[in-house]
Amino acid sequence: MVLWMAIALFGCKQDAGSAPALPVPQVEVITVSTQTIPDEPEFIGQAEASRPVEIRSQVTGLLKSVLYAEGRDVKKGDRLYQIDPVPFQAAVASAKAKIAQAEAKVVQARQDLARVKPLLAEQAVSQKDVDDAIAENLSAKAALQGAQADLIKAQFDFDNTLITAPIDGLIERSRYYEGRLVSAQTDLLTVIHRVDPMYVVTSVPETFILKRRHDIETKKITHPGVYQLRGVLTLMDATAYPYEGVLDLMEPGLRSETGSRVVRMTFPNPKRTLLPGQFVKVRVTGDSNQNAVLIPQRAVLQGPQGPFVYVVGPEERVEIRPVVASAWQGDQWLIDSGLKVGERVVVNGLMRIGPGAPVKAVPWNATGAPAADPAPPAPQQG
């Protein structure tokens, strides 16, 4: 009995010793290289009218009529409001009458002066009489100038009883209607928004500004200049806005309450697609990254300590490598740090490997099918 057990055990050992070793897994890799790509950060922005103009009355008076269709387009010079003109017509007529009186006094004063001047040489009048005539002439002229100034003011008030649009744009509803007594330069009647072009205002975080400045100084980013940058919009329904904007204002300082810097871009808006208050996504174009490292998104894994990749080392063994993946570029990750040019990063076959595992690395074919896991060897009979 013992002999048969020994024979059987010896036979099993021979079978186990003859079992083939597991094959080295094959993985597909890419070789890290650098390239120049656009560096186009994206922010949330809000559209606002390029010229919001408040419409107020220049005169105090009774609102007689509202002359425009609310919420529509208006052109410069279109009639908006009519203030009751009657009191102002009367003021103009009174000012004209005062001018006529002043002109008559000027004529009389000039004639009186002309009469007394020759009499002074004949000593028929005193020097005081001549001085009084000169003063009266000057006074009459001053009164005429005052009356003329009153007419200018009265005519200005009368002309401003008809309120017209100072710009082209979209007009809001009226705050007041017929019969309201409006105060000069106080009561806001309505607002006109110039919506072509439109402004898009966004806030750029201080952290981004500091990093971008460092990248420019270290030549990582090629920067054409702030006012050479352009903007591309995406609306909130994910449609692309068809017109490109230009950066035309960067506020000098940061807003203390948000720690951000306000940037403004101007966009054409001929079809009234953008409206005041509308939120959009703004992609800032013009900068480029001269030494960008891009790897497929599938190569970047997420671990407890953050993103990492598998790298095939010189001895054809797998190493784990933490990386900083900052942004997507299509179907690739932009790697800020963690990889060097020439290193091989595993793209396919990730489920069959681990740190230190030997592998057979082959180039990744981006257009081909993913590498298939090799079938496990058939079990041996003992």
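The rules behind these values
- Residues numbered from 1 in each chain as written.
- Predicted model: local features only at pLDDT ≥ 70, side-chain atom pairs only at ≥ 80, totals over all residues.
- Heavy atoms only, no water.
- Salt bridge = Lys/Arg side-chain N within 4 Å of Asp/Glu carboxyl O.
- Buried < 20%, exposed > 50% of the residue type's maximum accessible area, 1.4 Å probe, protein only.
- pLDDT = per-residue confidence, 0-100.
- Helix = DSSP H or I, 4+ residues; strand = E, 2+ residues; numbered from the N terminus.
- Contact = heavy atoms within 4.5 Å.
- Patch = residues over 30% accessible without salt bridge, like charges linked within 9 Å, V, L, I, M, F, W, Y side chains within 5 Å.
- Areas by Shrake-Rupley, 256 points an atom, 1.4 Å probe, with all protein chains shown as cover.
- Polar contact = N/O pair within 3.5 Å; in protein donor to acceptor, adjacent residues only side chain to side chain.

Novice: Even after reading the chapter, I still don't get the pattern of salt bridges, so can you show me in this structure?
Specialist: Two side chains with opposite charge may pair up if their charged atoms get near one another. Inspection of the entire model under this criterion finds 13 salt bridges. When the shortest N-O distance is used, the salt bridge between Glu54 and Arg56 registers 2.7 Å. Arg56 sits in the partly exposed class, given a relative accessible area of 29%. A single network of salt bridges, built from pairs that share partners, joins Asp39, Arg212 and Asp287.

Novice: Looking at this structure, I do not really get the confidence of the model for the protein chain. What am I missing?
Specialist: Close reading of the predicted structure is inappropriate where its pLDDT is low. Overall, the prediction assigns the protein chain a mean pLDDT of 86, with 89% of residues at 70 or greater. Of all secondary-structure elements in the protein chain, the lowest mean pLDDT belongs to helix H1 (residues 2-17), at 44, while strand E6 (residues 79-83) reaches the highest, 97. Note on residues 1-16: pLDDT is under 50 here. Beyond four places in sequence and across chains, it has three contacts. Per-residue pLDDT stays below 50 along residues 369-382; that stretch engages in 15 contacts with residues further than four places along the chain or on separate chains.

Novice: When you look at a nonpolar patch on the surface in this model, what are you seeing that I'm missing?
Specialist: Side chains of Ile44, Met236 and Phe279 sit close together on the surface and give an oily, nonpolar patch of about 310 Å² of accessible area. Topologically, Phe279 is positioned in strand E15 (residues 279-285).

Novice: I would appreciate a short explanation of the side chain of Asn289 in the present structure.
Specialist: Residue position: Asn289 is located in strand E16 (residues 288-296). For Asn289, a relative accessible area of 3% gives the class buried. Separated by 3.5 Å, the side chain of Asn289 and the backbone nitrogen of Ala292 make a polar contact. Other than its neighbours up to four places away in sequence, Asn289 contacts Gln35, Thr36, Ile37, Asp39, Lys220, Ile221 and Leu334.

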